Amino acid sequence: MEPVFLTKLVSHNNDWLSVRQATIAENIANANTPGFRAKDLEPFTSVVSKTQLAMTATHDTHLGQMMEVSRSSDVEKADSWTVSHSGNSVSLEQEMVKAGEVARDHALNASIAKSFHRMYLAAVKP
Amino acid sequence: MSDPLAATLQISGSGLRAQSERLRVVSENLANARSTGETSGDDPYRRKTITFESEFNRATQANLVSVKGVGADKAPFTVEYDPGHPAADENGYVKMPNVNTLLELADMRETNRSYEANLKVMTQAREMVMRHIDLLRN
């Protein structure tokens, strides 16, 4: 039995979201750099299905390498909204939409973690 | 690798720096839109251009943006007929800077938009960090 399994997916998703936020920041910072191609991460579902297979450790207490896995999964974005004359494929509007998604999911994760925490406390409290 | 949220702040910071440098060049061009030469036949102010490049930063493992260089616009100068001007040539024509005010204003608006976007991402990253801290607060 693994007692912290409930919060594991939440924290894994939060890792993924913060890496995505960094990628969005990179795209927006380079919004006026000639020739820069917009990047995005693999969807979380495909990352999860991959890392669950890869997450083998020789010892139960070894930590998984979540961050590295999601970091290396930068993919070229093929379906960008705009490509400018200078070969830059960053669309600020699209990046704002993505940033909104990240903020929403992150708030959801935070409240899920909070309610799990309340559940733990309710079980522990006499 | 470093924390992605800390990296976000650095990446957005580099974007803010690059865009404010761009605004500086725009303001320089606008301020000198009518700066002519001193003596007859002198070249007037030449419009400056700015280019960005993305450079890989090892500490953050991400592509930060930096100013590649400030160059000079090679477009030809316009001429105006003004025989009384100190910089007028023998035919009475004065060379005017190759600055197009409309173009500079458009550039300024775009700079503003990019700056705002960078700032928004920075604010959001900070909110995400604060949300984590709030979890501990309870």
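## Description of the overall build of chain B
Counting its secondary structure elements, chain B contains two helices and four strands. Ordered by position from N to C terminus, the α and β elements of chain B give α-β-β-β-β-α. Projected onto its principal axes, the C-alpha positions of chain B cover 80 × 30 × 20 Å. A burial count over chain B gives 29% of its 138 residues as buried. Considering only residue pairs separated by 6 or more positions, chain B has 63% of its internal contacts joining residues 24 or more positions apart.

## Digging into the interface of chain A and chain B
If you look at the interface, chain A gives 26 residues, while chain B gives 28 residues. Looking at the side of chain A that touches chain B, the elements that each hand over two or more residues are α1 (5-29), α3 (66-71) and α4 (92-124) of chain A. If one sorts the elements of the side of chain A that touches chain B by residue count, α4 of chain A sits on top with ten residues. Its residues placed into classes, the side of chain A that touches chain B shows 16 nonpolar, six polar and four charged.

## Things to note about the environment of Ile-11 of chain B
Among the secondary structure elements, Ile-11 of chain B is positioned in helix α1 (residues 4-31). In sequence terms Ile-11 of chain B and Val-65 of chain B are 54 residues apart; their C-alpha atoms lie 7.6 Å from each other.

## Examining the nonpolar core
Ranked by internal contacts, the top residues of the largest apolar core, which has 30 residues, are Ala-22, Ile-24, Ala-25, Ile-28 and Ala-29 of chain A together with Ile-11 and Val-121 of chain B. Among the elements of the structure, α1 and α4 of chain A together with α1, β2 (62-72) and α2 (101-137) of chain B are those that each provide at least two residues to this core. Per-element accounting of this core gives the leading share, eight residues, to α1 of chain A. The contacts of Ala-29 of chain A, once residues within four sequence positions are left out, are Ile-11, Ser-12, Ser-14, Gly-15, Leu-64, Val-65 and Asn-118 of chain B.

## Observations concerning the packing of α1 of chain B against α2 of chain B
Residues and elements named next belong to chain B. Close contact between α1 and α2 brings their axes to 9 Å; oriented N to C, the two are set at 160°. One element, α1, and the other, α2, form an angle in the roughly antiparallel class. Judged by the twist between their axes, the crossing of α1 over α2 is left-handed. When grouped by side-chain class, the residues that make up the contact of α1 with α2 number 14 nonpolar, nine polar and three charged.

## Notes on the confidence of the model for chain B
All names here are of chain B. Confidence in the prediction for chain B averages 91 pLDDT; 99% of positions are at 70 or higher. Strand β3 (residues 78-81) is the least confidently modelled element of chain B, averaging 91 in pLDDT, while α1 averages 94, the highest of any element. Across the whole predicted complex the pTM is 0.78, and at the interface the ipTM reaches 0.79.

What counts as what
- Residues numbered from 1 in each chain as written.
- Chains lettered and ligands numbered in written order.
- Predicted model: local features only at pLDDT ≥ 70, side-chain atom pairs only at ≥ 80, totals over all residues.
- Helix = DSSP H or I, 4+ residues; strand = E, 2+ residues; numbered from the N terminus.
- Buried ≥ 20, exposed ≤ 12 C-beta atoms within 10 Å, placed from the backbone.
- Contact = placed C-beta atoms within 7 Å.
- Nonpolar A, V, L, I, M, F, W, Y, C, P; charged D, E, K, R; others polar.
- Core = buried A, V, L, I, M, F, W, Y, C linked by C-beta atoms within 7 Å.
- Axes fitted to C-alpha atoms, helices over the stretch in contact; angles between N-to-C directions.
- Parallel < 35°, antiparallel > 145°, perpendicular 65-115°, else oblique.
- Left-handed = near helix turned anticlockwise from the far one by under 90°.
- pLDDT = per-residue confidence, 0-100.

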